Amino acid sequence: MNITLEIWRQKDAKSKGKFVIYKLNDVSEEMSFLEMLDFLNNTLISKGESPVAFDHDCREGICGSCGLYINGWAHGPAHLTTTCELRMTKFKDGDKITIEPWRSKAFPVIKDLIVDRSVFDKIMQAGGFISANSGAAPEANSIPIPKDNADAAFDAAVCIGCGACVAACKNSSAMLFVSAKISQFALLPQGKTEAKERARKMVAKMDEVGFGNCTNTGSCETRCPKGLKLTHIAKMNREFITAKIVAEKST
Amino acid sequence: MGNSTFHLASITKKVIMALVGLFLVMFLLVHLGLNFTVLILEGDREIFNKAAHFMGTNLIVKIVEVGLFGFLIVHIIVGIVLQLQNWGARPKRYKKRATTQLSFFSRYMIHTGALIFIFLIIHFSDFYFKAKFTDLVPLITYDGKEYHDLGLLTLQKFKMGGFVIGYIIAFILLGFHLNHAFQSAFQSMGWNHSRYMPFIKKVGLVISILIPLGFTIIPLVIYFSEAYSV
Ligand code: SF4
Ligand code: FES
């Protein structure tokens, strides 16, 4: 198929950036979306032009590094799909495809379609961890965990930190991501040690780095490739509220 | 309050919006109950006027009233701060946007809110401030005691077509606002529970229809019924 691409090009973090139109012929339906971009880049390189920069690593939906805003959809028009899992079958001959980077004050563009998501790491550093003794890994079954809790914690832990929730949210809020990270620990006994402080610290960091506030709109839930839900945000709110209420006066 | 509101944690602000909002919903229900008494014609609007008088003079009601104004102002200020931060969180907008969401009206909370605020100003200057601070409200005597005839004022207003239309529009907007707000308040407070949330969402939907319906049915009855000629 022949398609027209409208792609955000930006030389570096400081430049202004603009959309550039590329015509791309002979795109195969079997290509993944990123292979289509590889294909475009090959033609650009052979013409001596600079290739379009985009993030990717595993290309199988597990690492969270890919993430493009395609035709108005975070990760493109398919559901429960990362950009790398998106196939060109979703498009047809003659289509115009607009590709933009995630847009958020907290995710500045580094180059073209690549944004800096290191603020997610900062949020994790603020409280997304547990305390464990160093040495050999403890016996996994020594602490009994109800199956339901283990499953629910796993449902939260599938978040790959891609940032699509932020990209899709009209407020650029990172609540779904942060709630996933808080929920996965809150449900397990291993997470209890820091439970009181975790929600407060991670939310404080999230606010500090410039994400917007959640309005319970639920765009994040519809676009999250891993199916994280607003119930996780409610869980985080519960954790946060209890932490606030029971917290001792700081000295 | 402005600057410190900016520094409250995002979830704290949400919880404030939720609690204050739910209080305001409760007030709406009380207000609606009172409004219905205007339809009781017996004794020349006596019940409505006496109820309004009670609301205007009873000490406990007065204390609640201060709280109500305070809450309304908090709701507005926190709402505006949230919105400003949210706009600021995406300085560069997308060129192409296809939107999906779970709650449609959540996109328009600031807009419906602002229009409802304009309605409130008109509403207060028509009734509340007039009765409180001016002599513009006619008086009526029951059992040798004088009362503000707010009932008459209401009937007169509701005989004016333009006023009725504006009133109805305001309440449709309120319905949109409530449609998102009610269930959202429970989500904000962390009460999104797989067992109860579907029920809460239904209650929210019913409330967002019944409250506006209740409020708008009164002017419609008064406008179209001969019984209420003034
Ligand atoms: S919650 Fe979903 S959309 Fe957000 S970072 Fe995690 S996987 Fe991506
Ligand atoms: S490249 Fe790893 S999730 Fe897409």
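Keep in mind that this is a model prediction, so the values were computed, not measured. (Residues numbered from 1 in each chain as written. Chains lettered and ligands numbered in written order. Predicted model: local features only at pLDDT ≥ 70, side-chain atom pairs only at ≥ 80, totals over all residues. Heavy atoms only, no water.)

Enquirer: Which residues make up the overall build of chain A, and what are the values?
Expert: For chain A, the helix and strand inventory stands at eight helices and seven strands. Each principal axis of the C-alpha distribution contributes one length, and for chain A these read about 65 × 40 × 35 Å. Sequence separation of at least 24 residues holds for 68% of the intrachain contacts in chain A that already meet a minimum separation of 6. Surface accessibility of chain A: about 11,700 Å² in total, with carbon and sulfur atoms responsible for 54%. (Helix = DSSP H or I, 4+ residues; strand = E, 2+ residues; numbered from the N terminus. Contact = heavy atoms within 4.5 Å. Areas by Shrake-Rupley, 256 points an atom, 1.4 Å probe, with all protein chains shown as cover.)

Enquirer: How would you explain the packing of helix H6 (residues 195-208) of chain A against helix H8 (residues 230-246) of chain A if you had to name every residue and give the values?
Expert: All names here are of chain A. Following both chains from N to C, one finds H6 and H8 inclined at 110°, their axes separated by 8 Å at the closest point. Considering the angle they form, H6 stands roughly perpendicular to H8. Between H6 and H8, the contacting residues are Ala-195, Lys-196, Ala-199, Arg-200 and Val-203 on the first element and Met-236, Glu-239, Phe-240, Ala-243, Lys-244 and Val-246 on the second. Class assignment for the residues of the contact of H6 with H8 results in seven nonpolar, no polar and four charged. (Axes fitted to C-alpha atoms, helices over the stretch in contact; angles between N-to-C directions. Parallel < 35°, antiparallel > 145°, perpendicular 65-115°, else oblique. Nonpolar A, V, L, I, M, F, W, Y, C, P; charged D, E, K, R; others polar.)

Enquirer: Give me the site of ligand 1: which residues, what numbers.
Expert: Residue and element names in this part refer to chain A. The immediate surroundings of ligand 1 are formed by 13 residues, with Cys-159, Cys-162, Gly-163, Cys-165 and Cys-224 found nearest. Listed by contribution, the elements that provide at least two residues to the shell around ligand 1 are helix H4 (164-168) and helix H5 (175-186). Taken together, the residues of the shell around ligand 1 sort by class into 10 nonpolar, two polar and one charged. (Near = heavy atom within 4 Å.)

Enquirer: Outline the interface of chain A and chain B, supporting the account with residue identities and numerical values.
Expert: With 48 residues of chain A at the interface, the matching set in chain B holds 34 residues. Between chain A and chain B the total buried area reaches about 3,400 Å² when both faces are included, carbon and sulfur atoms providing 52% of it. The interface formed by chain A and chain B includes one salt bridge. Note that A:Glu6 is salt-bridged to B:Lys95, the shortest N-O span being 2.3 Å. (Buried area = accessible area lost by both parts, 1.4 Å probe. Salt bridge = Lys/Arg side-chain N within 4 Å of Asp/Glu carboxyl O.)

Enquirer: Quick one: what's the story with H5(A), residue by residue and with numbers?
Expert: Residue and element names in this part refer to chain A. Compared with an ideal rise of 1.5 Å per residue, which puts 12 residues at 16 Å, H5 spans 16 Å between its outermost C-alpha atoms and is within 8% of the ideal. In terms of residue burial, H5 counts as a mostly covered element, since 12 of its 12 residues are buried. Listed as buried for H5 are Met-175, Leu-176, Phe-177, Val-178, Ser-179, Ala-180, Lys-181, Ile-182, Ser-183, Gln-184, Phe-185 and Ala-186. (Expected span 1.5 Å × (residues − 1). Buried < 20%, exposed > 50% of the residue type's maximum accessible area, 1.4 Å probe, protein only.)

Enquirer: Describe the domain arrangement of chain A, and please don't skip the residues or the numbers.
Expert: Residues and elements named next belong to chain A. Taken domain by domain, chain A comprises domain 1 (3-111) and domain 2 (117-132 + 139-249). Across the contact, 24 residues belong to domain 1 and 21 residues belong to domain 2. Both sides together, the interface formed by domain 1 and domain 2 hides about 1,600 Å², and carbon and sulfur atoms give 55% of it. A salt bridge links Arg-117 to Asp-55, with the nearest nitrogen and oxygen atoms 3.2 Å apart. Put simply, domain 1 and domain 2 have nine residue pairs in polar contact (both at pLDDT 80 or more) between them. (Domains from an automatic or database assignment. Polar contact = N/O pair within 3.5 Å; in protein donor to acceptor, adjacent residues only side chain to side chain.)

Enquirer: How would you explain the sheet that holds strand E3 (residues 69-70) of chain A if you had to name every residue and give the values?
Expert: Strand-to-strand pairing in sheets goes through backbone hydrogen bonds, with the strands running parallel or antiparallel. Residues and elements named next belong to chain A. Read from one edge to the other, the open sheet built from five strands follows the order E2-E1-E5-E3-E4, with strand pairing classed as mixed. At either end of the open sheet lies a strand with only one pairing partner, and these are strand E2 (18-24) and strand E4 (73-74). As paired elements, E3 and E4 share two bridges and run antiparallel to each other. Across the sheet, residue Tyr-69 finds its bridge partner in E4, namely Ala-74. (Pairing = 2+ DSSP bridges.)

Enquirer: Quick rundown of the side chain of B:Ser103? Include the residues and the values.
Expert: Structurally, B:Ser103 is set in the loop between helix H4 (59-88) and helix H5 (109-133). With residues up to four places along the chain from it excluded, the contact list for B:Ser103 reads A:Asn216, A:Thr217, B:His180 and B:Gln183.

Enquirer: Would you mind going over helix H7 (residues 161-188) of chain B in detail, with residue names and values included?
Expert: All names here are of chain B. With 28 residues, H7 should cover 40 Å at 1.5 Å per step; its first-to-last C-alpha distance of 40 Å lies within 8% of that length. Taken as a whole, H7 carries its principal kink of about 30° at Leu-178. Note on H7: the residue one or two positions beyond its end, Gly-190, has a positive phi of about 85°. (Bend = angle between axes of the 7 residues up to and from the residue.)

Enquirer: Describe a nonpolar patch on the surface, naming the residues involved and giving the relevant values.
Expert: Residues and elements named next belong to chain B. Together, Phe-36, Leu-205, Val-206, Ile-209, Leu-210, Leu-213, Ile-217 and Val-221 give the surface a local cluster of nonpolar side chains, amounting to about 650 Å² of exposed area. No other element matches helix H8 (residues 197-224), which puts seven residues into the nonpolar patch. Residue position: Val-206 is located in helix H8. (Patch = residues over 30% accessible without salt bridge, like charges linked within 9 Å, V, L, I, M, F, W, Y side chains within 5 Å.)

Enquirer: Please set out the pairing of strand E5 (residues 96-100) of chain A residue by residue, giving values where relevant.
Expert: Residues and elements named next belong to chain A. Along E5, four of the five residues are buried, which leaves the element largely enclosed by surrounding structure. In the sheet, strand E1 (residues 3-9) pairs with E5 via four bridges, with the strands oriented parallel. Within E5, the residue paired with Leu-5 across the bridge is Ile-97. Alignment of E3 against E5, held across two bridges, turns out to be antiparallel. Looking at the pairing, Ile-70 lines up with Ile-99 of E5.

Enquirer: Go over the pattern of salt bridges, please, and point to the residues and values.
Expert: Proximity of charged atoms lets side chains of opposite charge pair with each other. As enumerated under the stated definition, the model contains 16 salt bridges over all chains in all. Among the ionic pairs, A:Asp151 bridges to A:Lys147, the shortest N-O distance being 2.9 Å. Of this pair, A:Asp151 and A:Lys147 both sit in helix H3 (residues 147-157), four residues apart, which is roughly one turn of that helix. For A:Lys147, a relative accessible area of 58% corresponds to the exposed category. With its nearest N and O atoms 3.4 Å apart, the salt bridge here joins B:Glu65 to B:Lys132. Of this pair, B:Glu65 sits in helix H4 while B:Lys132 sits in helix H5; the two residues are 67 residues apart in sequence, bridging distant segments of the chain.

Enquirer: How would you explain the state of the cysteines if you had to name every residue and give the values?
Expert: Residues and elements named next belong to chain A. One pass over the structure, following the stated rule, counts zero disulfides over all chains. Cysteine Cys-220 remains unbridged, with the sulfur of Cys-214 as its closest cysteine sulfur at 6.5 Å. Classification of Cys-220 by relative accessible area gives buried; the value is 11%. (Disulfide = S-S within 2.5 Å.)

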